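Summary of the model geometry
Single-letter residue listing:
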Amino acid sequence: MKRLPAVLALLALIGGALVLHLTKPSDEDLQGPFVTYAGFGEQVEGRDLTWEAEYAYLADRLTAPGWTGETDGIWLVIEGTIGSKLGITTPDVSVRVGERIYEASDRPGDAVLGDSLDAGLPQAGAFAFELPRSVLESEEGTHVTARIANGFRVRLDSAIDMVLDLTQLDHRGTAALPQPGMATP
Amino acid sequence: MAAGSLRHRLARVHPFVWIGAVAVIAGLIAWPLGGWDTVELQSTKLPVVQPGELVEGTQYSVSVESAELTSVHPDGFSEVEPGWMWLRLELVVTNETNRTAFSSDLGSDYKGVVTVDDGAVGYGTESTGPEGRLATGAPYLVSDGTYLPGLQPALPTRVELIFDVRDGTWSVGDELTVGIVDRTPYESTLETGIRYGFPHLIAEVPVTLDQGAEATP
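Residues numbered from 1 in each chain as written. Chains lettered and ligands numbered in written order. Predicted model: local features only at pLDDT ≥ 70, side-chain atom pairs only at ≥ 80, totals over all residues.

When you go through chain B residue by residue, the secondary structure sums to two helices and eleven strands. When the helices and strands of chain B are listed from N to C terminus, the series reads α-α-β-β-β-β-β-β-β-β-β-β-β. The dimensions of chain B, computed from C-alpha atoms along their principal axes, are 100 × 45 × 35 Å. Taken across its 217 residues, chain B has 28% of its residues classed as buried. Taking the intrachain contacts of chain B between residues at least 6 apart in sequence as the baseline, contacts between residues at least 24 apart amount to 66%. (Helix = DSSP H or I, 4+ residues; strand = E, 2+ residues; numbered from the N terminus. Buried ≥ 20, exposed ≤ 12 C-beta atoms within 10 Å, placed from the backbone. Contact = placed C-beta atoms within 7 Å.)

Shown next as structure tokens:
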């Protein structure tokens, strides 16, 4: 009977340890990015980048002066304005479809955003992503996350995310990419 | 008593004699069957697939489409050095990983996905190009000529690898053997994520070398 308090204390300690173990932050919580979510037509800011999405659509073929982008997959195009707040930077832009991460394509060359940005001089244009057609028929295609950040593995830094449902986007046969340029205020 | 004496007699036989007896009996059994080591293990045989057939890999799935000798470079301006030609190898490559991969290593000596004639060019090569550097294959997208195209996950991508080869290395009509190299994923210890290592051949593709475009003087 004299041991009862000790046994109860031991059980309480084990229970406490279990609760701590089950509620401890994951690696993602400890090292993941601070995410700002963006919609269309609203400017959002991260620590170092700004972004305003205007429009997103799908296309079977893209064109730009001197270039035609054929693909066995499908193009996802996101038009908008991106800016740097602090200094010269080259943002990393990708979309996540399920477990897969697709970097913005550099096939269109100068016809897409993605070059370095000067602080305070936002650029308007488009990012283009080349995806397999199968994503349009998959459940994953209804919840695609576009991410704009500095670097492709963001740790304890800000990131701007946009969630898209590919099945709800306009689907064009051929689309002309807008020429990137300085954004007009 | 008789059994006991037999056991004692057998016990006096030297172990080497037993070993020799077993070897002789095994040899007598194997002899009519054709001897030892005459069976080729299926697990060590490399599949031979035809051009255009997909070889499924862990890191990349690859289909070898064609091979040709050419003096016209896909960049539209490079001129072939005297005494040299370009080997143009056309592949359809599918990135089986979860992240966009860069094609810069597809034709390299240490991360390449193909090896032509057992390392003449591609993975494992020690050949050098006209500038004395390792003759690694430069990747271009076939559809629009993009140099170093990104390889998007699960999206078959038609690329051409351009290798510098000395005149006379091969002739049109030769049969090349293109080995497909795959790698095994493992958890990275220096950084987070999956890396691919331990290269190994998973198939061989015999390809007849065609005549490609020739530069006009």
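With that out of the way, let us pick up the confidence of the model for chain B. Averaged over all residues, the pLDDT of chain B is 91; the fraction at 70 or higher stands at 94%. Both confidence scores are given for the complex: pTM 0.84, ipTM 0.86. (pLDDT = per-residue confidence, 0-100.)

Time to look at the environment of Thr115(B). When you line up the elements, Thr115(B) lands in strand E5 (residues 114-116). Put simply, Thr115(B) and Gly179(B) are 64 residues apart on the chain and 5.0 Å apart in space, counted from C-alpha to C-alpha.

Attention now moves to the nonpolar core. Inside soluble globular proteins, nonpolar side chains tend to come together where they are buried. Membership of the largest hydrophobic core comes to 41 residues, with the highest contact counts inside it found for Trp75(A), Leu76(A), Val77(A), Phe127(A), Ala128(A) and Phe129(A). Counting residues per element, the ones that place at least two in this core are strand E3 (49-64), strand E5 (74-84), strand E6 (92-97), strand E8 (123-131), strand E9 (144-149) and strand E10 (158-164) of chain A. Contacts of Leu76(A), omitting those with residues within four sequence positions, involve Ala56(A), Leu58(A), Val95(A), Phe129(A), Leu131(A) and Leu166(A). In terms of nonpolar packing, the next biggest core, distinct from the first, is built from 33 residues, Val113(B), Val114(B), Ala138(B) and Ile162(B) among them. (Core = buried A, V, L, I, M, F, W, Y, C linked by C-beta atoms within 7 Å.)

The interface of chain A with chain B comprises 17 residues on the first partner and 13 residues on the second. Where the side of chain A that touches chain B is concerned, the elements lending two or more residues are strand E4 (67-69), strand E7 (100-103) and E8 of chain A. Examining the composition of the side of chain A that touches chain B, we find that four residues originate from one element, E7(A), more than from any other. Split by residue class, the side of chain A that touches chain B holds five nonpolar, four polar and eight charged. (Nonpolar A, V, L, I, M, F, W, Y, C, P; charged D, E, K, R; others polar.)

Right, let's talk about the pairing of E3(A) for a bit. All names here are of chain A. Pairing between strand E2 (residues 43-45) and E3: three bridges, direction antiparallel. Bridged to Val44 within E3 is Trp51. Counting the residues that bridge the hairpin from E2 to E3 gives three residues. Here ten bridges tie E3 to E5, and the two strands are oriented antiparallel to one another. Following the sheet pairing, Leu49 is matched in E5 by Ser84. Examined bridge by bridge, E3 and strand E11 (residues 170-176) share six bridges and lie parallel to one another. The partner of Tyr57 across the bridge, within E11, is Asp170. Relative to E4, E3 runs antiparallel, the two sharing three bridges. Paired with Thr63 across the strands is Thr68, a residue of E4. (Pairing = 2+ DSSP bridges.)

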